[in-house]
Amino acid sequence: MVILRWWVCFAGAGPRSVKSSHSFLAVARIGNSRLEKMSNVPEVVITGLGVVSPIGTGPEEFWRSLSEGRSGIRRIPVLDGQAFPFAIGGLIPDFDATDKIRPRKALKVMSRDIQLAFVAADMALQEAGIAASGVAPERLGIVFGADLIPCELDEIANAIRSCIVDGRFDFSLWGTRALSELYPLWLLKYLPNMPACHIGIAYDARGPNNSLTLAEVSSLAAIMEAVRVIQRGDADVMVAGGTGCRIHPAVWVRTGAYQLSSRIEEPERACRPFDADRDGMVHGEGAGAVVLESRKHAEARGARILGRVLGFACAFEARRPDRAWSGEAVKRAIHDALRMAELTPREVGHVNAHGLATVEDDIAEACAIRCELGDAPVTAPKSYFGNLAAGTGAVELAVSLLAFRHGQVPATLNCERPDPRCPINVIHKGPVSAAPVAVVLNHSRIGQAVAMVVAGA
């Protein structure tokens, strides 16, 4: 079953011990040039990348959209003409995983979230060449982030109808009437641990297998945990990432739960991180995955190294409706991640911001970035595809990894009039040259914050 390992985000140890993030720093500083002095802590590198997003499937198509400034936010066809005031989102058009899922019969128990995850992970594993490299199944593991996956309405419609008496839903009838109307294995489509399970089954990965459900910080938290697994020596190769799909009626009916943009007549201009005229976030869907292994293991099998994980940290600050969120958790996460990487703010080439495009979040995050990283250039990928929930961190990490590969950091879309209350150097007039180090940020509406320091090969 799903293990909701909140302590992964708030503590700095793996399952064998629980320590503070500061005590973990003593044994997990992984700056590249300093690693030789600490032979007991392997440097963890990225050797595979997979992306399924509203602006493209696969790194090449994904990067093409970024470099051309092409948005993936559009009107949602199924919501057109419905009584929803926010009928736009980062939708993946014409997504069909039929020919990519293995075994094919697994499609019967795969929700859209799971299919997105499988395709992204398979892509990353193919690029890394894991299948042909002879990695022992017991040394290959999976950690994946996922949301609480809502059920497709057509699958539960008859079950719901069977419990309606005189126009009202009778909860007491669910156990006796509804279950007979459901596909016997229907629940397997909606468990958040299933993305990791299906990937593990397809690749016979018998190593550590774990799932994290931490909303928008799920992806980066999963990658952090995967790095720790390798550092502990519990696996040679880990697949990590996240998947999320908020293009779903069960999400859209909760219109009061999110501050959403109302620019439905101009979908491509709706998500406006750090812009003075921003009016809310945009929902989206997508998945991203990376293959992680120690540098020694990667070089021994001749793998191409795409990037390096230098440091990371989590922090928490409770968000309360009666006061503004300060962003203190973001600030502490940045500080601790840089400390782990043994880098100074001057060595950071760009910041890959959460950039949610809500008024409060952007101000708090921008102030945290300014405090810890000064005038470092900032890009906000959500302006291209919206908030991908548990998939957002891995897909946004792909932006920085590809920026290293192509030598430029893409501009933030729609930041036409930078908000003076967001005192940061937003890349908005065009791409800038990519220096070799980036800080990737995510935070959740509950209060978790994650910072990850990555570098090019």
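All values reported here derive from a predicted model rather than from experimental measurement. (Residues numbered from 1 in each chain as written. Predicted model: local features only at pLDDT ≥ 70, side-chain atom pairs only at ≥ 80, totals over all residues. Heavy atoms only, no water.)

## Details of the overall build of the protein chain
Phase 1: From N to C terminus, the protein chain includes 14 helices and 18 strands.
Phase 2: Here the C-alpha atoms of the protein chain give a radius of gyration of 21 Å, agreeing with the 23 Å that 2.2 N^0.38 yields for 457 residues.
Phase 3: For the C-alpha atoms alone, the extent of the protein chain along its principal axes is close to 75 × 55 × 40 Å.
Phase 4: Out of the 457 residues in the protein chain, the part that is buried amounts to 59%.
Phase 5: Taking the contacts inside the protein chain whose residues are at least 6 apart along the sequence as the reference set, 77% of them involve residues at least 24 apart.
Phase 6: As displayed, the protein chain offers around 17900 Å² of accessible surface, 53% of which is attributable to carbon and sulfur atoms.
Phase 7: For the protein chain, the separation between the mean place of its 49 positive charges and that of its 49 negative charges on side chains is 4 Å. (Helix = DSSP H or I, 4+ residues; strand = E, 2+ residues; numbered from the N terminus. Rg over C-alpha atoms; globule rule 2.2 N^0.38 Å. Buried < 20%, exposed > 50% of the residue type's maximum accessible area, 1.4 Å probe, protein only. Contact = heavy atoms within 4.5 Å. Areas by Shrake-Rupley, 256 points an atom, 1.4 Å probe, with all protein chains shown as cover. Lys, Arg positive; Asp, Glu negative; His and termini not counted. Charge placed at Lys NZ, Arg CZ, Asp CG, Glu CD.)

## A closer look at the packing of helix H4 (residues 112-128) against helix H7 (residues 194-202)
Phase 1: Running from N to C, H4 and H7 point in directions that differ by 45 degrees, and their axes come no closer than 9 Å. When the axis of H4 is compared with that of H7, the two are oblique. By crossing handedness, the relation of H4 to H7 is classed as right-handed. The segment H4 lies against H7, with Ile114, Ala117, Phe118, Ala121 and Leu125 engaging Met194, Pro195, His198, Ile199 and Ala202.
Phase 2: Residue classes in the contact of H4 with H7 are distributed as nine nonpolar, one polar and no charged. (Axes fitted to C-alpha atoms, helices over the stretch in contact; angles between N-to-C directions. Parallel < 35°, antiparallel > 145°, perpendicular 65-115°, else oblique. Left-handed = near helix turned anticlockwise from the far one by under 90°. Nonpolar A, V, L, I, M, F, W, Y, C, P; charged D, E, K, R; others polar.)

## Examining the confidence of the model for the protein chain
Phase 1: With 91% of its residues at a pLDDT of at least 70, the protein chain reaches an overall mean of 90.
Phase 2: Predicted confidence for residues 1-38 stays below pLDDT 50, and this span has 82 contacts to residues more than four positions away or in other chains. (pLDDT = per-residue confidence, 0-100.)

## Topic: the layout of surface pockets
Phase 1: Roughly 500 Å³ of internal volume is contained in the largest pocket.
Phase 2: Lining the largest pocket are 20 residues; nearest its centre among them are Asp147, Leu148, Arg246, Arg254 and Tyr258.
Phase 3: Residues of the lining of the largest pocket, tallied by class, amount to 13 nonpolar, two polar and five charged. (1 Å grid on protein atoms, 1.4 Å probe; cavity = no way out; pocket = protein on both sides within 12 Å on 5 of 7 lines; lining within 4 Å. Points joined across faces, edges and corners; volume = space filled by probe spheres on them.)

## Some details on a nonpolar patch on the surface
Phase 1: A cluster of nonpolar side chains, contributed by Ile160, Ile164, Phe169 and Phe171, occupies part of the molecular surface with about 380 Å² of accessible area.
Phase 2: Considering the arrangement of structural elements, one finds Ile160 in helix H5 (residues 153-161). (Patch = residues over 30% accessible without salt bridge, like charges linked within 9 Å, V, L, I, M, F, W, Y side chains within 5 Å. Salt bridge = Lys/Arg side-chain N within 4 Å of Asp/Glu carboxyl O.)

## Comments concerning empty space enclosed by the protein
Phase 1: Under the counting rule described, the total for this entry stands at two cavities of 30 Å³ or more.
Phase 2: A volume near 40 Å³ is recorded for the second largest cavity.
Phase 3: Among the residues forming the lining of the second largest cavity, the class breakdown is six nonpolar, two polar and no charged.

## Digging into helix H12 (residues 359-373)
Phase 1: Helix length check: H12 (15 residues) gives 21 Å between terminal C-alpha atoms against 21 Å at 1.5 Å per residue, within 8%.
Phase 2: When H12 is considered as a whole, its buried residues turn out to be Asp361, Asp362, Ala364, Glu365, Ala366, Ala368, Ile369, Glu372 and Leu373.
Phase 3: Looking one or two residues beyond H12, the residue adopting positive phi is Gly374, at roughly 60 degrees. (Expected span 1.5 Å × (residues − 1).)

## Details of the packing of helix H3 (residues 59-68) against helix H14 (residues 392-406)
Phase 1: Between H3 and H14, the least distance of the axes is 10 Å, while the angle of their chain directions is 85 degrees. Compared by their axis directions, H3 and H14 come out roughly perpendicular. Facing H3, whose interface residues are Pro59, Glu60, Phe62, Trp63 and Leu66, H14 presents Val395, Ala398, Val399, Leu402, Ala403, Arg405 and His406.
Phase 2: For the contact of H3 with H14, the class distribution of residues is nine nonpolar, one polar and two charged.

## Considering the nonpolar core
Phase 1: Leu49, Phe62, Ile223, Val290, Leu292 and Met452 are the most contacted members of the largest nonpolar core, which has 47 residues in total.
Phase 2: If one sorts the elements of this core by residue count, helix H8 (residues 218-232) sits on top with nine residues.
Phase 3: Dropping the residues within four chain positions of it, Val290 is found in contact with Ile46, Gly48, Leu49, Ala124, Ile223, Met238, Val239, Ala240, Leu397 and Leu401. (Core = buried A, V, L, I, M, F, W, Y, C linked by side-chain atoms within 4.5 Å.)

## Here we look at the environment of Phe62
Phase 1: Secondary-structure assignment places Phe62 in helix H3.
Phase 2: Between the alpha carbons of Phe62 and Val51 there is a distance of 7.4 Å; along the sequence they are 11 residues apart.
Phase 3: In this view, Phe62 contacts Val51, Ser53, Ile55, Gly56, Phe385, Val395, Ala398, Val399 and Leu402; residues no more than four positions away in its chain are not counted.

## What to know about the pairing of strand S5 (residues 140-146)
Each regular strand displays side chains that alternate between the two surfaces of the sheet.
Phase 1: Extensive coverage of S5 is indicated by the burial of seven of its seven residues.
Phase 2: Across the two faces of S5 the burial is the same, with Leu140, Ile142, Phe144 and Ala146 and Gly141, Val143 and Gly145 all buried.
Phase 3: As paired strands, S5 and strand S8 (residues 209-212) are joined by four bridges and run parallel to one another. Of the residues in S8, the one forming a bridge with Phe144 is Ser211. (Pairing = 2+ DSSP bridges.)

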